[in-house]
Amino acid sequence: MREEVVVGIASACSTTALVTCLLVLPSLVSLINDLHDEVITGLQIFRVETDSAWTDIMHIQKAVSAPSKPRENPFNGVFRQKRQEFKGLPDYCQCEPVKPVCPPGPPGPPGQTGNGRSSILSSTRHELREMPNWRIRTSRP
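Residues numbered from 1 in each chain as written. Predicted model: local features only at pLDDT ≥ 70, side-chain atom pairs only at ≥ 80, totals over all residues. Heavy atoms only, no water.

The name given to the chain in an unreviewed UniProt entry is Nematode cuticle collagen N-terminal domain-containing protein, and the organism recorded there is Steinernema hermaphroditum.

## Topic: the overall build of the chain
Broken down by element type, the chain carries two helices and zero strands. The burial tally for the chain puts 1% of its 141 residues in the buried class. Put simply, the chain shows about 14,400 Å² of open surface, and 61% of that area lies on carbon and sulfur atoms. (Helix = DSSP H or I, 4+ residues; strand = E, 2+ residues; numbered from the N terminus. Buried < 20%, exposed > 50% of the residue type's maximum accessible area, 1.4 Å probe, protein only. Areas by Shrake-Rupley, 256 points an atom, 1.4 Å probe, with all protein chains shown as cover.)

## Section: a nonpolar patch on the surface
A cluster of nonpolar side chains, namely Val19, Leu23, Val24, Leu25, Leu28, Val29, Leu31 and Ile32, defines an oily patch on the protein surface of about 750 Å² accessible area. Relative to the assigned elements, Leu25 resides in helix α1 (residues 2-64). (Patch = residues over 30% accessible without salt bridge, like charges linked within 9 Å, V, L, I, M, F, W, Y side chains within 5 Å. Salt bridge = Lys/Arg side-chain N within 4 Å of Asp/Glu carboxyl O.)

## Section: the UniProt feature "transmembrane region" (unreviewed entry) in the chain
As recorded in UniProt, the feature "transmembrane region" (unreviewed entry) lies at residues 6-25. As a span, residues 6-25 carries 100% helix and 0% strand, and end to end its C-alpha atoms are 28 Å apart. (UniProt positions renumbered as here; feature names shortened; annotations may be inferred.)

## Notes on α1
For α1, which comprises 63 residues, the first-to-last C-alpha distance of 90 Å matches the rise-based estimate of 93 Å (1.5 Å per residue) to within 8%. The sharpest bend along α1 comes to roughly 25 degrees, located at Val24, with the proline Pro26 sitting one to four residues further on. (Expected span 1.5 Å × (residues − 1). Bend = angle between axes of the 7 residues up to and from the residue.)

See the structure below:
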């Protein structure tokens, strides 16, 4: 009889816990959905405010910059400029070395007379042909 009472109390406690979970779980899911919607709404408001702030900053930059200067990309300072971009420099800057233009000099002394062969390659072939066991392959197999 004592075991029946313990089993009855345990069953009552389990049933109470299950009913409580079934009653609390939907309200918990609803609370999480409401929090999600609130966060998404706040994020959309933040995005609208930052976009309008960025637009205001660009208008101020356009109004403050000199009219003769074209509007500059605000991200130019972040990325490396290429070496060939010299268009923003003043006229007195010489970024490329000046190529010298010199008149031709006097002709040099005449060279040594050749041995009649046209190149090193032909002399090497000639030497190989004179060797008895060597053959020059002129076509591919």
